Each structure stands twice: as structure tokens, then as C-alpha cells.
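Structural features, examined
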Amino acid sequence: MSPESQAPEALPSRRRRAPRGGRHRGDESFLLPPNSPTLVLAVPGPARHAATVIAAELARLVEIEHTGQPARVGHLEGDEASLTAVLAGLRAEEDELAAVVVPLSTGPDPRMDAALHAAVSAAPVHAVAAEPLGPHPLIAEALHDRLADAGLARADRIRLMTMVTAASGVIVATPGDATAVRQAEVTGVLLASRLAAPVFTASLNDESSVKAATEQLRAAGAASIALAPHLIGPEPEAALAAPAAASVGAAASTPLGAHPALARLAALRYVEALSLALAD
């Protein structure tokens, strides 16, 4: 059921912002009516400076760019600013949906999913969990931007324009196991199309996986290789990106951080989950 088919008091209405130049031209945002369920960003790991800053900035972008309503942040580990505490602090009428929890993750993660669903199930208010932010074309766009920021790809300032990358091959390095790598391959294909260069995916948790991707790129003729971390920043594996790149002689871009595309995806996942919840 599409958001537009819902009653205005039940679901966000779509609004089109004034056109802006560059990649954002034509973007839509979602205007939440009063008393809408709270959008809560679920952050992997405990609260710490880097994770807190990234999550807070994304929450701010969600509000000012898309929903018009404050978003909350809850961490999946530790007692400080925990998701459990955030949900416990919400108030709602009996059986009224109080929150939609959006995982701050570029793809499905069994450990994170389990912690998120446990917190949602134990909440004293009615809450639902949304899908992870990716895979989605906007993740590939954000990876491209971070590569460009690092001087490893030419910036794509005109949508759909074929670009030439400064690196002749890219490794999309994702947290998780072989399943996570397969899921990240969707993003890798989209990124390869944007860069017009070969892209292979690898696991940050497996050094041999990164080496195998490097060998595949070398076999494909890539002389210079860049590693693009397929993560946001709060994930524990963020610390593995630079050593993984150094181990294979590759340059690395930074994690996605508070990229505007992630804020848009958070708003989109909220609307999707809310639509499903109200349809049940």
C-alpha cells in the first residue's frame, strides 16, 4: 500500500522541494503530520563520540530535509542513550504505534537485527522495526561521493553522466560474512556502473576476502585500487578499513558518515514500515 493512499492523519504526505542544482534536483521529502510515530535511528554498538556525532547529524538531516519532525537516536549496546531507554521514554495511547525504529546499517546484519528486534519486542510501547538502509542506489551514490572526497574518483556532478575514476578498480568492503558480501554486491554493481570501472566486494572481517578481491581486480587490469568502506561509521568494523587497505596496497575512502543520502533513506524506510504497520 503506497503512502499516498493512506489518510493524511495516518501517514506522511510527500512534498517536493524547490529544485536545486546537481544531484539533488527533483528529490522528494516526507512531511509528517502531528502526532506521527517517532522515527528512531538504531545505532550499532554503544554510544561513543564518533557514533554519537554521526547519528545526531543524520537525525538532524532527517528532520530538516525530509520529515519536519524530530528524530531520536538509540544505541544497541550499553546503557548510555540506549535504544531500550529511548523507547521506554516514549508515550502513546494503548495499541497506538509510538515508534518506527530504522537501523543505521547499509545492509542486513544478523547481530544488529537480533538486538534491534529484541529491544522493539521488549518496549513498553508499540514499536515496529524498519528495514536496513541498503541495498539501494543511494548507497552507491554515497560511496561514489566518499571516493571523490578522497580524490579516488571524479565527482559525479551531473546525474547519469559516465565518469572516469582516479582508481582503476574498487573494493567495496563490507562488515559481515559471505552472506553480507553477496548482499553488498548489488551496491558494487551500481557503483561500477557509476565509475565505469571494475568493482569487487569483500568482507572487512576476513583479510583473505580483501586479498582475493584485490587479485581479481589485478587480473582485470586494475593498476591502482581503492577500498570503499560499505559502512556508516559507528560499526566496530570501521576500524578495520584502513588496515585492510594498507595490507593490499590500496588507498581508502572514509566511511559514509552523515551523508545526506542516508538521511533520505532513513525517511524512506520509515514511510515503508509505517505503511506496512497501518495496513496490518
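Our subject in this report is the structure included herewith. (Residues numbered from 1 in each chain as written. Predicted model: local features only at pLDDT ≥ 70, side-chain atom pairs only at ≥ 80, totals over all residues. Heavy atoms only, no water.)

Describing the pairing of strand 9 (residues 225-229)
Note the following rule: Each residue gets one of three labels from its accessible area relative to the maximum for its type: buried under 20%, exposed over 50%, partly exposed in between, using a 1.4 Å probe on protein chains only. Helical segments are the DSSP runs of H or I of at least four residues, strand segments are the runs of E of at least two, and each set is numbered from the N terminus. Strand pairing is defined by DSSP finding a minimum of two bridges between the two strands. Here the term right-handed applies to a crossover when the path leading from its first strand over the helix to its second strand runs clockwise, the strands being oriented away from the viewer.
Judged by how many residues are buried, strand 9 sits mostly within the fold: five of five residues are covered. Alternating residues of strand 9 divide into Ile-225, Leu-227 and Pro-229 and Ala-226 and Ala-228, and every residue in both groups is buried. For strand 7 (residues 169-174) and strand 9, the ladder comprises five bridges, and the chain directions are parallel. Within the sheet, the bridge partner assigned to Gly-169 lies in strand 9 and is Ile-225. Where strand 9 and strand 10 (residues 251-252) come together, two bridges link them in parallel fashion. Opposite Leu-227, over in strand 10, you have Ala-252 as the bridge partner. Each parallel crossover has a hand, and the one from strand 9 via helix 7 (residues 241-247) to strand 10 is right-handed.

A word on the pairing of strand 4 (residues 71-75)
Successive residues of a regular strand alternate their side chains across the two faces of the sheet. As judged from the five bridges shared by strand 3 (residues 38-43) and strand 4, these two strands associate in the parallel manner. Each bridged residue has a counterpart across the sheet, and for Leu-39 the counterpart in strand 4 is Ala-71. Considered for its hand, the β-α-β crossover made up of strand 3, helix 1 (residues 49-67) and strand 4 is right-handed.

Focus: the sheet that holds strand 10
Applicable threshold: Working rule for contacts: check all heavy atoms of both residues, and any pair within 4.5 Å makes them a contact. Note on definitions: angles span 0 to 180 degrees between N-to-C directions of axes, and those axes are lines fitted to C-alpha atoms, for helices only across the stretch in contact.
Read from one edge to the other, the open sheet built from four strands follows the order 8-7-9-10, with strand pairing classed as parallel. Sheet topology places strand 8 (199-203) and strand 10 at the edges, where each strand pairs with a single neighbour. In the packing of helix 5 (residues 178-195) onto the sheet, the strands contacted are strand 7 and strand 8, and the crossing angle to strand 8 comes to about 155°.

Details of a negative patch on the surface
Where we set the bar: Patch rule: a residue counts if its relative accessible area is over 30% and it has no salt bridge; like charges are joined within 9 Å, and nonpolar side chains (Val, Leu, Ile, Met, Phe, Trp, Tyr) within 5 Å. The Shrake-Rupley method, run with a 1.4 Å probe, gives the accessible areas here. Residue values count only the displayed protein chains as cover. Here, a salt bridge means any side-chain nitrogen of Lys or Arg that lies within 4 Å of a carboxyl oxygen of Asp or Glu. Think of it this way: Lys and Arg go in the positive column, Asp and Glu in the negative one, and His and the chain ends go nowhere. Lysine's charge is taken at NZ, arginine's at CZ, aspartate's at CG and glutamate's at CD.
A cluster of acidic residues, Glu-93, Glu-94, Asp-95 and Glu-96, forms a negative patch on the protein surface. Along the chain, Glu-93 falls in the loop between helix 2 (83-88) and strand 5 (97-103).

Notes on the packing of helix 1 against helix 8 (residues 260-279)
For the record, the criterion: These descriptions rest on fixed angle ranges, namely under 35 degrees for roughly parallel, over 145 for roughly antiparallel, 65 to 115 for roughly perpendicular, and the rest for oblique. Crossing handedness: left-handed means the near helix sits turned counterclockwise from the far one by under a right angle, and right-handed means the same turn made clockwise. Any residue outside Ala, Val, Leu, Ile, Met, Phe, Trp, Tyr, Cys, Pro, Asp, Glu, Lys and Arg is labelled polar, Gly included; the first ten of those are nonpolar and the last four are charged.
Relative to each other, helix 1 and helix 8 sit at 65°, their axes nearing to 9 Å. Viewed along their axes, helix 1 and helix 8 adopt a mutual orientation that is roughly perpendicular. When you trace helix 1 past helix 8, the crossing you get is right-handed. Every residue of helix 8 that contacts helix 1 at Leu-58, Leu-61, Val-62, His-66 and Thr-67 is listed here: Pro-260, Leu-262, Ala-263, Arg-264, Ala-266 and Ala-267. For the contact of helix 1 with helix 8, the residue count by class is eight nonpolar, two polar and one charged.

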